[in-house]
Amino acid sequence: RGIRIMLDAVFNHCGAEHPFWQDVLKNGKDSKYYDCFYILDPSKRPEEKVVLDGIESVNYRTFALVPDMPKWNTDHPLVREHLLGAAAYWVEKYHIDGWRLDVSNEVSHDFWREFRKCVKKINPELYILGENWDNSIPWLGGDQMDAVMNYEFMNPVWNFFGTQAVGKGR
């Protein structure tokens, strides 16, 4: 029937219940996954509060300042093995046709280059779409994304048409 399947994936952060993160919370610095995340003050446990630039925060980097979304350190070998393994699994086992990559502009270019090599080796026709809120030119050099969701274009369009035009068929 020509139906194609694109999965939505988050490689920038994980949920608070992820086993790697739970191991860090349980074992602190003794966790083999400790460096898989960005712990801000190593002298404190991850769940302890710290003050950064006068603002109280959790002791680890998160997505959108949400404590339940600890940010991956995608440079760490265990993180790469885990995330790239998951990506390859879905391409190999279920023959998906594409990936839509959430907040891809917050993940290193190096990781996306490795991601592309990994999944395109399995399926050279696989489509990679990044969700980038910024200028996306650096991701579109042929070595990372095939395309991006062009949110940067959204604001000028909204400004041109104004809020009155939304939903009125203009």
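The structure displayed is predicted, hence computed values, not measured ones. (Residues numbered from 1 in each chain as written. Predicted model: local features only at pLDDT ≥ 70, side-chain atom pairs only at ≥ 80, totals over all residues. Heavy atoms only, no water.)

## Examining the pairing of strand β3 (residues 55-58)
On a regular strand, one side chain projects to one face of the sheet and the next to the other, so that they alternate.
Step number 1: As defined by bridge partners, strand β2 (residues 49-52) adjoins β3 across 4 bridges and the pair is classed as antiparallel. Opposite Val50, over in β3, you have Ser57 as the bridge partner. (Pairing = 2+ DSSP bridges. Helix = DSSP H or I, 4+ residues; strand = E, 2+ residues; numbered from the N terminus.)

## Describing the nonpolar core
Step number 1: Core analysis: the biggest nonpolar cluster contains 32 residues, and Phe11, Phe37, Trp99, Leu101, Trp112 and Phe115 have the highest contact counts within it.
Step number 2: Those elements that provide at least two residues to this core are α1 (19-27), α2 (77-94), β4 (98-102) and α3 (109-122).
Step number 3: Sort the elements by how many residues they give to this core and α2 lands first, with 5 residues.
Step number 4: Sequence-distant contacts of Phe115, defined by excluding residues within four places in its chain, comprise Phe11, Leu84, Ala87, Trp99, Leu101 and Ile128. (Core = buried A, V, L, I, M, F, W, Y, C linked by side-chain atoms within 4.5 Å. Buried < 20%, exposed > 50% of the residue type's maximum accessible area, 1.4 Å probe, protein only. Contact = heavy atoms within 4.5 Å.)

## A closer look at the packing of aromatic side chains
Centre-to-centre distance and the angle between the planes together describe a pair of aromatic rings.
Step number 1: Following the criterion strictly, the structure yields 17 aromatic pairs and no others.
Step number 2: Ring centres of Phe11 and Phe111 lie 6.1 Å apart, and the angle between their planes is 50 degrees; on these two criteria the pair is classed as tilted. Taken as a pair, Phe11 in the loop between β1 (6-10) and α1 and Phe111 in helix α3 lie far apart in primary sequence, 100 residues in all.
Step number 3: Residue class for Phe111 comes out buried when judged on its relative accessible area of 0%.
Step number 4: An aromatic cluster is defined as three or more aromatic residues linked by ring pairs; in this entry it consists of Phe20, Trp21, Tyr33, Phe37, Tyr60 and Trp72. (Phe/Tyr/Trp six-rings, centres within 6.5 Å; stacked < 30°, edge-to-face > 60°.)

## A short note on the environment of Ser104
Step number 1: You can see Ser104 is positioned in the loop between β4 and α3.
Step number 2: When neighbours within four sequence positions are excluded, Ser104 is seen to be in contact with Trp112, Gly130, Glu131, Asn132, Trp139 and Met145.

## Side note on the pattern of salt bridges
Pairing is possible between side chains that carry opposite charge, provided their charged atoms lie close to one another.
Step number 1: Enumeration according to the criterion identifies 11 salt bridges in this entry.
Step number 2: Close ionic contact of Arg100 with Asp8 constitutes a salt bridge, the shortest N to O distance being 2.8 Å. Here the residue Arg100 occupies a position in strand β4, and Asp8 occupies one in strand β1, the gap between them amounting to 92 residues.
Step number 3: Of the charged contacts in the structure, one is a salt bridge between Arg100 and Glu131, with a shortest N-O distance of 3.4 Å. Of the two residues, Arg100 is situated in strand β4 and Glu131 in strand β5 (residues 127-132); the sequence distance between them amounts to 31 residues. Judged on exposure class, the residue Arg100 and its partner Glu131 are both buried.
Step number 4: One connected set of salt bridges, linked through shared partners, spans Asp8, Arg100, Asp102 and Glu131. (Salt bridge = Lys/Arg side-chain N within 4 Å of Asp/Glu carboxyl O.)

## Some words on a nonpolar patch on the surface
Step number 1: A surface patch of nonpolar side chains, about 310 Å² in accessible area, is lined by Tyr89, Trp90 and Tyr94.
Step number 2: Considering the arrangement of structural elements, one finds Tyr94 in helix α2. (Patch = residues over 30% accessible without salt bridge, like charges linked within 9 Å, V, L, I, M, F, W, Y side chains within 5 Å. Areas by Shrake-Rupley, 256 points an atom, 1.4 Å probe, with all protein chains shown as cover.)

## What to know about the sheet that holds β4
Step number 1: As summarised here, the arrangement of the 4 strands in space is β1-β4-β5-β6, forming an open sheet in which the pairing is parallel. Strands at the two margins of the open sheet, each flanked by one partner only, are β1 and β6 (147-150). If you compare each strand with its neighbour and ignore which way they point, the axes differ by 25 degrees on average.
Step number 2: As defined by bridge partners, β4 adjoins β5 across 4 bridges and the pair is classed as parallel. Pairing of Trp99 across the sheet is with Ile128, part of β5. (Axes fitted to C-alpha atoms, helices over the stretch in contact; angles between N-to-C directions.)

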